[in-house]
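# Working through the structure, step by step
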Amino acid sequence: MRSIVASTKLKSLEHCAAEVADGDTVFVGGFGHAVPFALGHQLIRAGRRDLTICRSGADILADQLIAAGCVARVVFGWIGNPDIGLSHAFRRAVADESIDWEEWTNWSMVLRLQAAALGVPFLPGRVLLAGDTPVQLPDLKTVTCPYTGETLAAVPALQPDVAIVHAQRADEEGNVQMWGVVGDTAVGALAARRIVVSVEEIVDGEVIRASPNLTIIPAHRVAAVAVVPWGAHPSYVQGYYTRDDDHFRRYGDVSRTAEGTLAHLDRWVRGVDRERYLSMIDTGTLVDEATR
Amino acid sequence: MRSIVASTKLKSLEHCAAEVADGDTVFVGGFGHAVPFALGHQLIRAGRRDLTICRSGADILADQLIAAGCVARVVFGWIGNPDIGLSHAFRRAVADESIDWEEWTNWSMVLRLQAAALGVPFLPGRVLLAGDTPVQLPDLKTVTCPYTGETLAAVPALQPDVAIVHAQRADEEGNVQMWGVVGDTAVGALAARRIVVSVEEIVDGEVIRASPNLTIIPAHRVAAVAVVPWGAHPSYVQGYYTRDDDHFRRYGDVSRTAEGTLAHLDRWVRGVDRERYLSMIDTGTLVDEATR
Amino acid sequence: MIDDTALMAIAAARRLRDGEACFVGIGVPSLAALIARHTHAPGMSLIYESGAYGADPAVLPMSTGSPSVATGAACLGDCTLVFGELQAGRIDVGVLSAAQVDRRGNLNSTVIGNYRTPKVRMVGSGGAHDIASLVGRLVIVMPHDPRRFTERVDFVTAPGLGEDGRRPVGTRGAGPVDLLTPRAWFTFETGEMTLAGLQPGMGAVAAVEGFSWKVPHAEDVVELAPPTGEELAVLRRWHGKVETT
Amino acid sequence: MIDDTALMAIAAARRLRDGEACFVGIGVPSLAALIARHTHAPGMSLIYESGAYGADPAVLPMSTGSPSVATGAACLGDCTLVFGELQAGRIDVGVLSAAQVDRRGNLNSTVIGNYRTPKVRMVGSGGAHDIASLVGRLVIVMPHDPRRFTERVDFVTAPGLGEDGRRPVGTRGAGPVDLLTPRAWFTFETGEMTLAGLQPGMGAVAAVEGFSWKVPHAEDVVELAPPTGEELAVLRRWHGKVETT
């Protein structure tokens, strides 16, 4: 009785990526943890164009999407290679004026997504009121509290067309479970009109329903789910595999030049299927590390 | 190394209840699940007065606090005995004008607490704009979105002086874990200046840190924790014991009169210690039900 | 077995569609949603204000936070999650009951009589105001008790339609679309409560017996199909079985 | 072993107090907080913007969302939880670094040069603006690199004090109170960066060597105590050990 499955949301990686259309505003999930590299790479392979990508802290997946020419605009709170250095493709795109961007802070980006998740056009915030960050946001408004008279930032809602998210597991109905670092993944997904998800594994509905507090996205919000083991590599998935820090370091080196970045994309993304990708990483070491 | 414990927050039930002062605004945790009956009953035994109690949906613990004369004011979204009937002590107090009250809705109460948890004086909402509920809130203001021009309710923050919460478990440092129905318990607790907690059991920090996603209140927000097995009875604690529906039904009967209510409080609260209380309930049946 | 509750719940269940996200209240609303989910709408998600999605209670819950709501749910978030989704317009349908309903589909669960000096002080809104203000459309279930049907409720807890028959400013969604009783099915397409169907064997007069105003009829007042064997079999899993004694 | 990082981190650790809730960034800020927690401040809670409270990383995390932040944390909420607590004024102290700092304690991690046509486009605020705007007080760690110390940063990512030496309107908390380098300890009590202490064996001239403006001295410029054996032993657990290769 409890295992009624109405219809399956289970689709291929290609199908999931096809939920993202040229010109869409895309929330990219993963706060250091469970970054949807496989879904993002599929967007590159599919030649998606003119995307606006948004999230609070954007790491090298954003850099790769920019380098591959998928991105017209970035809306972010931070963009770089954590603890290693800059987002070089973004830096170059700024220098040659080939990209537009809008720069917030991590909290104000979360508030923007939270506003959309709550269905309100803005949320009041106590940031973006000093320093130069608000100066670069000429359309930003303030709001006066009708009770206290205080001036707060009116942080505008940001509703992505689609969210791409990676997580530990889901059932066929599309209930998505994540644990470990959640960051802004749940709120960013819930803010979006459509949600597509890749997971390490599909489990029976009974497994999901045995620990419903871990479900971060309920099924009726999910458009499609793909099973993509290692789909967050080189980031990590709590309980499955650890972060491939060396990969981030190597990308920090090669991405210093446009040529190096494109060579990296040729090697790791373009024309590379998942089987080939997995053959190129030392999965044994990464799994072992996760169990320490 | 990971088990460093700075100082214990572990206190007696009496100590925890003493964190609530006469005249305080008290958030009462528990959304059907894990209602802090033991803490609330201790407030009655301690003769606390002039409290403002607040939460979204208030059940018979609120009724008992009112009947016992602890409460000057109720701020609520709903008040009653779920699926059984009215909050008779509240009904009588309204009739004899011995209580003040402020009536919202469950979502607007959650927004009020959420605003306090987020440190902002209001949140915009799409409720309280039609019908008679807003008419009874003469101080309620609206706010105009500076981007869309829409009129929204400006739902004012509600910061309780103290929250009383029951949960499954905590460690000595005060990290509180809850699973099952959370409702508005976490947001209401985080909204408050002080948080006092009773739990079914104290566990080692290692246990907490093995499943940190279940921690709803981090230790540094917690003033004191008491170990009170069955501390949510007659409500329930997921994984520990089920709801004592009969107790709610019996209270629904006896609470129809002031005399019946006071007799119930004499029998179950006043002059009754935890040992005596536990001897009066059929713990075996309730535990068995929980494992179904 | 085919008592009033069964007739109301089964008729309401038929107004719910497969694949919908359905925000439900306690009592007959829960029963209606469960019947739908276990007959023609297996992909419907039951949502409770306590934070539960995809709930599948084994017994009828007494509270939106009851053990049967939590156990076996697909997702247990918090109030902010479910009401946030509701406010963002992402919940298709709500099922509610109340103490009173009026010809505009306004619901009252707050007071009988005057607000500050009421004849009966009731439970208040809970999530009812929020659901009625925001959900995609509202299905109402009411026992046939003439005192519960009034031309104008004493207090509009949950807004339906205004005096002009349109949704009040500040609300979203279609508001009340269906009202089911053990005797009849009413709709609100014209802006007021209109008799649209009759429970099997029921007459049009009996359908509104005791109501204090003249309820208009739709052009075609249909007779509702009797409960099917499947519906009754499913109903029996929950009907009369509230949470443990 | 007592390299620049060690000197900076240990001196910063001493500015943190037992029992505090401490919002930390990646790198030396994390190292400083870990030293404090494992020496004099066992009851301090390390908070990362990814949602972690009471984090206790076994190796120095490369990202605020790294495995070492998650594993062994006391609480993993989400960004809304931690930034909400920050905005509500409930986080006592933050520890940050940046590309540039100025005499008013403003931090820049956004651009060198002009904003739209920069010489170097950097990573941006992340949580730095939010932490500096809202935290109880801010401790800054900076390597001694004269290019990083300017009278006015190119871009105020994270607001410190205004030109009048006071906190800008719209910010909360005390703002920058301590700045630690491998050579010195600076404070901002007077409204501008002031030399308050020297690392062991360091002279007052070397402390500000290469800085483009004249940094005032406190009345008593103290000599900081050298790292203790305990501090160095604790430091060695993390120093140089970033996440797995």
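Remember, predicted model here, so these are calculated numbers, not experimental data.

Conventions adopted
Residues numbered from 1 in each chain as written. Chains lettered and ligands numbered in written order. Predicted model: local features only at pLDDT ≥ 70, side-chain atom pairs only at ≥ 80, totals over all residues. Heavy atoms only, no water. Helix = DSSP H or I, 4+ residues; strand = E, 2+ residues; numbered from the N terminus. Rg over C-alpha atoms; globule rule 2.2 N^0.38 Å. Buried < 20%, exposed > 50% of the residue type's maximum accessible area, 1.4 Å probe, protein only. Arc of directions from axis to C-beta. Contact = heavy atoms within 4.5 Å. Pairing = 2+ DSSP bridges. Axes fitted to C-alpha atoms, helices over the stretch in contact; angles between N-to-C directions. Polar contact = N/O pair within 3.5 Å; in protein donor to acceptor, adjacent residues only side chain to side chain. 1 Å grid on protein atoms, 1.4 Å probe; cavity = no way out; pocket = protein on both sides within 12 Å on 5 of 7 lines; lining within 4 Å. Points joined across faces, edges and corners; volume = space filled by probe spheres on them. Nonpolar A, V, L, I, M, F, W, Y, C, P; charged D, E, K, R; others polar. Buried area = accessible area lost by both parts, 1.4 Å probe. Salt bridge = Lys/Arg side-chain N within 4 Å of Asp/Glu carboxyl O. Domains from an automatic or database assignment. Parallel < 35°, antiparallel > 145°, perpendicular 65-115°, else oblique. Phe/Tyr/Trp six-rings, centres within 6.5 Å; stacked < 30°, edge-to-face > 60°. Lys NZ or Arg CZ within 6 Å of the ring centre and 35° of its normal.

Further remarks concern the overall build of chain A. For chain A, the count of helices and strands is 11 helices and 13 strands. For chain A, the C-alpha radius of gyration of 19 Å lies close to 19 Å, the compact-globule estimate for 292 residues. The C-alpha extent of chain A, read off along each of the three principal axes, is 55 × 55 × 40 Å. Within the span of chain A, comprising 292 residues, buried residues form 65% of the whole.

All names here are of chain C. For helix H7 (residues 229–238), the set of buried residues is Glu231, Leu232, Val234, Leu235 and Trp238. The arc that holds the buried residues of H7, viewed along the axis, is 165°, so those residues lie on one side. In this structure, the buried side of H7 is in contact with helix H1 (4–13) and helix H2 (28–37). The first or second residue beyond H7 is Gly240, which carries a positive phi of 80°.

Further remarks concern the sheet that holds strand E8 (residues 151–156) of chain B. Residues and elements named next belong to chain B. If you trace the 3 strands from one edge of the open sheet to the other, you get E6-E8-E7, paired in antiparallel fashion. Strand pairing shows two members of the sheet lacking a second neighbour, strand E6 (122–125) and strand E7 (141–144), which therefore form its edges. Put simply, the sheet's adjacent strands are angled 45° from each other on average, direction ignored. Bridge count between E6 and E8: 4 bridges; the pairing is antiparallel. In the sheet register, Phe122 faces E8, and the bridge partner there is Pro156. Most of the contacts of helix H5 (residues 106–118) go to E6, to which it runs at about 140°, and overall it touches E6 and E8.

It is worth spelling out the pairing of strand E13 (residues 184–187) of chain C at this point. All names here are of chain C. Burial along E13 is two-sided: Ala184 and Phe186 facing one way and Trp185 and Thr187 facing the other are all buried. Across 3 bridges, the pairing between strand E12 (residues 176–180) and E13 is antiparallel. Across the sheet, residue Asp178 finds its bridge partner in E13, namely Thr187. As judged from the 4 bridges shared by E13 and strand E14 (residues 194–198), these two strands associate in the antiparallel manner. In the sheet register, Phe186 faces E14, and the bridge partner there is Leu195. Between E13 and E14, which pair antiparallel and follow one another directly, the connecting turn spans 6 residues, one of which, Gly191, has a positive phi of 100°.

Here the focus is the environment of Trp101(A). Inspection of the secondary structure assignment puts Trp101(A) in strand E5 (residues 100–103). Look at Trp101(A) and you get buried, because its relative accessible area is 5%. Separated by 182 residues in sequence, Trp101(A) and Thr283(A) have C-alpha atoms that sit 36 Å apart. Not counting chain neighbours up to four residues away, the residues in contact with Trp101(A) comprise Val74(A), Phe76(A), Phe90(A), Val94(A), Tyr115(D), Arg116(D) and Arg121(D). Looking at Trp101(A), its side chain comes within polar contact range of the side chain of Tyr115(D), at 2.9 Å.

Here we come to empty space enclosed by the protein. Across all of its chains, the model carries 3 cavities of 30 Å³ or more by this definition. Size it by volume and the largest cavity reaches roughly 1100 Å³. Along its surface, the largest cavity is lined by 38 residues, and Gly77(C), Asp78(C), Gly77(D), Asp78(D) and Leu81(D) are the ones closest to its centre. Tallied by class, residues from the lining of the largest cavity come to 22 nonpolar, 12 polar and 4 charged. Its boundaries defined by the atoms lining it, the second largest cavity holds a volume of some 100 Å³. For the second largest cavity, the lining is made up of 16 residues, of which Val28(A), Arg55(A), Ala58(A), Asp59(A) and Ala62(A) are closest to its centre. For the lining of the second largest cavity, the secondary structure elements donating two or more residues are strand E2 (51–58), helix H3 (60–67) and strand E3 (71–81) of chain A. Among the elements that line the lining of the second largest cavity, the one with the most residues is E2(A), at 5 residues. Looking at the lining of the second largest cavity residue by residue, the class counts come to 11 nonpolar, 3 polar and 2 charged.

Listed as interface residues are 53 residues of chain A and, on the opposing side, 53 residues of chain D. Area buried by chain A at its contact with chain D is led by Trp101(A), Trp107(A) and Arg126(A), which between them contribute 15% of it. Scanning the region where chain A abuts chain D turns up 2 salt bridges. A salt bridge links Glu103(A) to Arg121(D), with the shortest nitrogen-to-oxygen separation between them at 2.7 Å. Summed over the shared surface of chain A and chain D, the result is 22 residue pairs in polar contact (both at pLDDT 80 or more). Elements that contribute at least two residues to the side of chain A that touches chain D include exactly E3, strand E4 (85–86), helix H4 (88–95), E5, helix H5 (106–118) and helix H8 (245–254) of chain A. Of all the elements, H5(A) adds the most residues to the side of chain A that touches chain D, at 6 residues.

Moving on, we get to the interface of chain B and chain D. The extent of an interface is frequently quoted as the accessible surface area lost upon association of the parts. Between chain B and chain D, the residue contacts involve 22 residues of the former and 27 residues of the latter. Both sides of the chain B and chain D interface together cover about 2100 Å² of buried area, and 54% of this is carbon and sulfur. Seen at the junction of chain B and chain D, the total is 1 salt bridge. Where Arg221(B) meets Glu85(D), a salt bridge forms, and the shortest distance between an N and an O atom there is 2.7 Å. Taken together, the links from chain B to chain D amount to 8 residue pairs in polar contact (both at pLDDT 80 or more). Mapped by element, the contributors of at least two residues to the side of chain B that touches chain D are H5, helix H6 (185–191) and helix H7 (205–210) of chain B.

To continue, consider the domain arrangement of chain A. All names here are of chain A. Parsing chain A into structural domains produces domain 1 (13–112 + 160–277) and domain 2 (122–156). Each of domain 1 and domain 2 has a C-alpha centre, and the two are 29 Å apart. Counting residues at the interface gives 8 residues for domain 1 and 10 residues for domain 2. Here domain 1 packs against domain 2, burying approximately 750 Å² in sum over the two surfaces, 79% of which is carbon and sulfur. Among the residues domain 1 hides against domain 2, the three largest losses belong to Trp104, Leu111 and Arg112. Together they make up 61% of the total. Joining domain 1 to domain 2, the criterion identifies 0 salt bridges.

All names here are of chain D. In spatial order, the strands read E2-E1-E5-E10-E12-E13-E14-E15; together these 8 strands make up an open sheet with mixed pairing. The strands lining the two open edges of the sheet, one partner per strand, are strand E2 (45–47) and strand E15 (217–223). Between one strand axis and the next, the sheet turns by 20° as a mean value, whatever way the strands run. Both strand E14 (residues 194–198) and E15 contribute to a ladder of 3 bridges, which runs parallel. Bridging from a neighbouring strand, Gly197 pairs with Val222 of E15.

Residues and elements named next belong to chain A. Running from N to C, H8 and helix H9 (residues 258–268) cross one another at 140°; their axes reach a closest spacing of 8 Å. In this view, H8 runs oblique relative to H9, as classed from their interaxial angle. Mapping the contact onto sequence places His247, Arg250, Tyr251 and Val254 in H8 and Gly260, Thr261, His264 and Trp268 in H9. Here the residues of the contact of H8 with H9 are counted per class, giving 3 nonpolar, 4 polar and 1 charged.

So, on to the packing of aromatic side chains. What the rule picks out here adds up to 26 aromatic pairs over all chains. Ring geometry for Phe37(A) against Phe248(A): centres 6.3 Å apart, planes inclined by 85°, an arrangement best described as edge-to-face. Placement of the pair is Phe37(A) in helix H2 (residues 37–45) and Phe248(A) in helix H8, with a sequence separation of 211 residues. Here Trp179(B) and Tyr240(B) contribute two aromatic rings whose centre-to-centre distance is 6.4 Å and whose plane-to-plane angle is 45°, an arrangement assigned as tilted. Here Trp179(B), found in the loop between strand E10 (176–177) and H6, pairs with Tyr240(B), found in the loop between strand E13 (222–227) and helix H8 (245–254); they are 61 residues apart in sequence, far enough to count as distant. Residue Trp179(B) shares its accessibility class with Tyr240(B), and that shared class is buried. Three or more aromatic residues link up through ring pairs in this structure, and these residues are Phe76(A), Phe90(A), Trp101(A), Tyr115(D) and Phe155(D). The aromatic ring of Trp101(B) is capped on one face by Arg116(C), whose charged end is 4.1 Å from the ring centroid.

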